[in-house]
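Fold and geometry: a report
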Amino acid sequence: MNKVDIQSLVRENVKGLSPYSSARDEYVSDGSEMVFLDANENPFENGVNRYPDPQQRNLKDVLAQQKGVKPKNVLFGNGSDEVLDLIFRAFCEPKDDNIITLPPTYGMYKVLSGINNIKNKEVLLTSEFEPDVEQILSTADANSKLLFLCSPNNPTANSFSRNKITELLNNFNGIVVIDEAYIDFSKEKSWLSKLSIYSNLIVTQTLSKAYGMAGIRLGVCYASEEIIAILNKIKPPYNVNELTQKRALDRVLNLDKVKSEVADILEYRDLLSKALLQLNFVVKVYDTDANFVLAKLDNATERYNQLLKKGIVVRNRTTQPLCENTLRFTVGTKEENQRLIQVLKEIQ
Ligand SMILES: *Cc1c(COP(=O)(O)O)cnc(C)c1O
């Protein structure tokens, strides 16, 4: 239990804001057919001539129910990247505040800290790719507003130890953002069920990976009602467009399909890990809790270029700390993975 005073973390100018109120927010429906002449829209129906629901109520209700939270614990963004940016802008005072990230990890935290002019304090993961709790807590100061834990972590593919995350939730006096972009592939349970225990916890998820909808851009933020209300004050009103809301709703109402695709991906992933291990230039294949495999090779850049020449694009992570000579392989279709393995054998 950590009683962080959330209001004391909020940026001074954000405290005084109230959310933009759109024309459509203000009216109270009495249930009868309404004539909408309030938003200067084109009245001829084509499916998208009206502004989208700024609170995405249909989608939010369904997803909140599936996840066992209240709609007031949910905020959507134009991808998780927008959600993460909103978190920066709500809590971090440019120039004064800082965030803590744990490389090697997802690159957007650093990019967003740069864009928002917030210092990024980096504390390397341990050699087991776990958070170095002691180092993180001694690096934190009164201006450390956000701590980013990506679990399962990109690019290392492991989930962080629950004990270490719990220790950080209990002892970091800012907001702990757990990025669960890969949670649907993980053996570990989501931290969503702990939202009511830790007032300083934000969990982010996305429809870009397991849900197969990277193209519609829908990121999800789960947090206390208090935190969500703060983020809602600075959210652009129509950040999630009508097409995205519709496609996302169709998909979350068809969870069986998502689950069966995830099951296939996990099966292919384990086959891919095994096949990689057989190659003589593969030094190590890391355990994975995500839909990709990180492998250490004899010479990552050379192998990367060989693959590219054969028309296969993977991610070269060799410049990342602790990731020297590693490539990250996303799990593809059965045929794509077979093609990858065949080409890897050819370049042995
Ligand atoms: C892919 C990924 C995301 C997803 O970002 P979107 O903007 O929702 O597509 C978020 N976090 C991590 C760690 C990722 O790897």
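Quick look at helix α3 (residues 57-67)
Inspection of α3 places L59, K60, V62, L63 and A64 among the buried residues, and these make up the whole buried set. With its phi angle positive at about 75°, G68 sits one or two positions after the end of α3.

Considering the pairing of strand β8 (residues 282-285)
As a general feature of sheets, a regular strand has side chains that alternate between the two faces. With three bridges joining them, β8 and strand β9 (residues 292-297) adopt antiparallel strand pairing. Looking across to β9, one finds that V285 is bridged to A295. If you look at the hairpin formed by β8 and β9, you'll find six residues sitting between the two strands.

Here's the deal with the environment of Q320
Mapped onto the secondary structure, Q320 falls in the loop between β10 (315-316) and β11 (326-330). Taking the C-alpha atoms as reference, Q320 lies 24 Å from I341; in sequence the two are 21 residues apart.

Focus on unusual backbone geometry
Between P103 and P104 the backbone carries a cis peptide bond, its omega angle lying at 0°. A cis amide bond links S151 with the next residue in sequence, P152, at an omega value of -5°. Tracing the backbone shows P152 in the loop between β4 (144-150) and α7 (162-171). Of note, N40 is a non-glycine position whose phi angle comes to about 55°, a positive value.

As for the sheet that holds strand β3 (residues 119-122)
An order of β1-β7-β6-β5-β4-β2-β3 is seen for the seven strands of this open sheet, with the pairing classed as mixed. One side of each edge strand has no neighbouring strand; the edge strands of this open sheet are β1 (74-77) and β3. For this sheet, the mean angle separating the axes of adjacent strands, direction not counted, is 25°. Alignment of β4 against strand β5 (residues 175-179), held across five bridges, turns out to be parallel. Of the residues in β5, the one forming a bridge with L146 is I175. Together, β1, β6 (201-206) and β7 (219-222) form the strand contacts of α3, whose direction differs from that of β1 by roughly 125°.

About the thresholds
Residues numbered from 1 in each chain as written. Predicted model: local features only at pLDDT ≥ 70, side-chain atom pairs only at ≥ 80, totals over all residues. Heavy atoms only, no water. Buried < 20%, exposed > 50% of the residue type's maximum accessible area, 1.4 Å probe, protein only. Helix = DSSP H or I, 4+ residues; strand = E, 2+ residues; numbered from the N terminus. Pairing = 2+ DSSP bridges. Axes fitted to C-alpha atoms, helices over the stretch in contact; angles between N-to-C directions. Contact = heavy atoms within 4.5 Å.

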